[in-house]
Amino acid sequence: MDKQVIANRIQKDMELFEPFSQTPCHGITRLPFTIEVRKCVDVLSNRMERAGLTVREDAAGNLYGRLEGSEPNLPALVIGSHFDSVKSGGNFDGMAGIVVGIEVARMLRDSGVVLRNPIEIMGTHDEEGMRFGTGFFGTKAMMGEIDDDYLRRLKDSDGVSLRDAMICYGLSPDKIKDAARDYQKEIAAFIEVHIEQGPVLEDAQKQLGLVTGIVGMQRYLVTVTGRPDHAGTTPMDLRIDAMACASKVISQMTGWAKEAGGEGTVATVGFVQVAPNAVNIIPQEVVFSVDVRSKEECCIDQIVGSLRAELEAVCGEKGATFKIDEKLKVAPASLDEKLLAMLEKGCGDLGLSYMRMPSGAGHDSLQTAPKIDTAMVFVPSKDGRSHCPVEWTEYSDLANAAHLVYETLVSNYR
Ligand code: HGY
Ligand code: MN
Ligand code: MN
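So, a few notes on the structure that sits alongside this text. Remember, predicted model here, so these are calculated numbers, not experimental data.

Each helix and strand in the chain was counted, giving 14 helices and 14 strands. A compact globule built from 414 residues would reach a C-alpha radius of gyration of about 22 Å, and the chain, at 23 Å, matches this within 12%. Each of the three principal axes of the chain carries a C-alpha extent, and together these read 80 × 45 × 40 Å. Looking at the chain residue by residue over its 414 residues, the buried ones come to 55%. Counting only carbon and sulfur atoms, one obtains 50% of the accessible surface of the chain, whose full area is about 16700 Å². Averaged over its 44 positive side-chain charges, the chain has a centre that lies 2 Å from the centre of its 60 negative ones.

Every protein donor of the manganese ion (ligand 3) is listed here as H82 (NE2), D93 (OD) and H194 (NE2), and their distances to the metal cover 2.1 to 2.2 Å. Spacing between the donor residues of the manganese ion (ligand 3) along their common chain follows H-x10-D-x100-H. The distance between the manganese ion (ligand 3) and the manganese ion (ligand 2) comes to 3.4 Å, and D93 binds to both of them. Remark: D93 occurs in the loop between strand 3 (76-82) and helix 3 (95-111) and H82 occurs in strand 3; sequence separation between them is 11 residues. Note on H82: relative accessible area 0%, which makes it buried.

For the rest of this paragraph, the subject is the site of ligand 1. Around ligand 1, the structure places E127, E128, R219, R293, A361, G362 and H387. With respect to ligand 1, the side chain of E128 contributes an N or O atom lying 2.9 Å from a nitrogen atom. In the model, an oxygen atom of ligand 1 is placed 2.7 Å from a nitrogen or oxygen of the G362 main chain. Within the complex, the protein chains bury 96% of what would otherwise be the 210 Å² of accessible surface of ligand 1. For the shell around ligand 1, a count of residues per class yields 1 nonpolar, 2 polar and 4 charged.

In this section: the coordination of the manganese ion (ligand 2). Tetrahedral coordination by four donors sets the ideal angle at the metal to 109.5 degrees; octahedral coordination by six donors sets it to 90 or 180 degrees. For the manganese ion (ligand 2), the full set of protein donor atoms is D93 (OD), E128 (OE) and H387 (NE2), at a range of 2.0 to 2.1 Å. All donors to the manganese ion (ligand 2) come from one chain, and their sequence spacing reads D-x34-E-x258-H. You can call E128 buried: its relative accessible area is 6%.

The tally for this structure, following the rule as stated, stands at 0 disulfides. Just so you know, C245 is unpaired, no disulfide at all, and the nearest cysteine sulfur is the one on C315, 4.7 Å from it. There is no disulfide at C299, and the cysteine sulfur nearest it, in C298, is 4.2 Å away. Look at C299 and you get buried, because its relative accessible area is 4%.

With that settled, the discussion passes to the side chain of H363. Assignment of secondary structure puts H363 in the loop between strand 13 (354-359) and helix 13 (364-368). Using a relative accessible area of 0% as the deciding quantity, one classes H363 as buried. Side-chain polar atoms of H363 contact the side chain of S359, separated by 3.2 Å. Contacts of H363, omitting those with residues within four sequence positions, involve E127, F136, E192, H194, Q197, M376 and F378.

With that settled, the discussion passes to the nonpolar core. By size, the foremost hydrophobic cluster in this structure holds 75 residues, and its most contacted members are I10, F33, M95, V104, F137, L162 and L409. Apart from residues lying up to four places away in sequence, L162 is in contact with F33, F132, F137, Y150, L151 and L154.

The next subject is the packing of aromatic side chains. Under the criterion given, the structure shown has 6 aromatic pairs. A ring pair is formed by F33 and F137, whose centres lie 5.9 Å apart and whose planes are at 80 degrees; its orientation type is edge-to-face. Here the residue F33 occupies a position in the loop between helix 1 (3-16) and helix 2 (35-50), and F137 occupies one in helix 4 (residues 137-142), the gap between them amounting to 104 residues. Of the two residues, F33 and F137, both sit in the buried class. Plain terms: the ring middles of W392 and Y395 are 5.4 Å apart, the flat faces sit at 80 degrees to each other, and that makes the pair edge-to-face. Looking at W392, the relative accessible area reads 29%, which means it is partly exposed. Taking NZ or CZ as reference, R181 lies 4.8 Å from the ring centre of Y64, over its face.

Here is what the cut-offs are and how they apply
- Residues numbered from 1 in each chain as written.
- Chains lettered and ligands numbered in written order.
- Predicted model: local features only at pLDDT ≥ 70, side-chain atom pairs only at ≥ 80, totals over all residues.
- Heavy atoms only, no water.
- Helix = DSSP H or I, 4+ residues; strand = E, 2+ residues; numbered from the N terminus.
- Rg over C-alpha atoms; globule rule 2.2 N^0.38 Å.
- Buried < 20%, exposed > 50% of the residue type's maximum accessible area, 1.4 Å probe, protein only.
- Areas by Shrake-Rupley, 256 points an atom, 1.4 Å probe, with all protein chains shown as cover.
- Lys, Arg positive; Asp, Glu negative; His and termini not counted.
- Charge placed at Lys NZ, Arg CZ, Asp CG, Glu CD.
- Donors = N, O, S within 2.8 Å, 3.2 Å for Na, K, Ca; no water.
- Near = heavy atom within 4 Å.
- Polar contact = N/O pair within 3.5 Å; in protein donor to acceptor, adjacent residues only side chain to side chain.
- Nonpolar A, V, L, I, M, F, W, Y, C, P; charged D, E, K, R; others polar.
- Disulfide = S-S within 2.5 Å.
- Contact = heavy atoms within 4.5 Å.
- Core = buried A, V, L, I, M, F, W, Y, C linked by side-chain atoms within 4.5 Å.
- Phe/Tyr/Trp six-rings, centres within 6.5 Å; stacked < 30°, edge-to-face > 60°.
- Lys NZ or Arg CZ within 6 Å of the ring centre and 35° of its normal.

This is the structure:
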């Protein structure tokens, strides 16, 4: 299999998605259940069909392309990742893993090799949680973890519920349970190829990363409520200033993360919204996001505990109130040792340099790993950058990942 041919085919596919962005002059923005995602899914469907796959979309808007094996009743080997993006992100985060999966299907077609198990190339919907503040929607739906309350409760910044967004996209939310898979019977393994989104592989000059585990994550939306007053006539000691309270708490997040220690422990406030958001009005309300991660769940709990205690103290002192909405809570996950060993052997057979490494980013694999044998293959990110317009990965690196997954499947599932 000529590696340049594979890299060229991957590049051709990847470049098809570049025009689909809500922020054409500033990176890629493909929020769930929007026209940008719809266009990506339509192109992905076409590429899957041309690769000989039978395509279907499920009730959550996930996309599957299936290739039968010699024993169709065996559980499928799913190769997947997400087609949605962050705001002003890159074209590779998520999409690269789906395109590599389609390339593996083409390699099987071209080689004439028929695996025992069927394979399914999967594009998942709303992994990032960018619009509704959660994350991993598509894989949660596949695991049967989404109910109607979830769809009604979660709303975007315009007040559109996840349920209504699905209806506008052409889905029937009442059928969400149809997206659930009997994964014990239907899925043998979930394999995700993904850009590393950090500098480790590039610094170590390794071609591939074999992921040993993924950090746990907790996401919250905090609302601090004060009292709007005139910025000029209200004495400092009479104010109930929501921004003064929120900023005092937010400024301590980095210290709490350092104090908590633990491998991969990080805390981020990435979103802040002020109301009424006017230069001469004391803020009535501040809403901010909290994203806390660690390989050790106790470290996450410690940071969230400090957040809660400080909100109590600061708001109590100033006469403000607060609420904390939980948006996401997922435990750290170890990935499957058997699959890791297969991939490691594959790297050896192909002469590809690699290293075992943890993932500080969350992925669909975080949702599948507790119940489905799951493996992740990382490819290097240029300068370690991701979730920004300069995100870049060499197509030859994606070709290496396709080669590894192809060889691993052929060596172990033929
Ligand atoms: O947030 C993450 O780590 C991933 O990009 N969803
Ligand atoms: Mn991402
Ligand atoms: Mn991703």
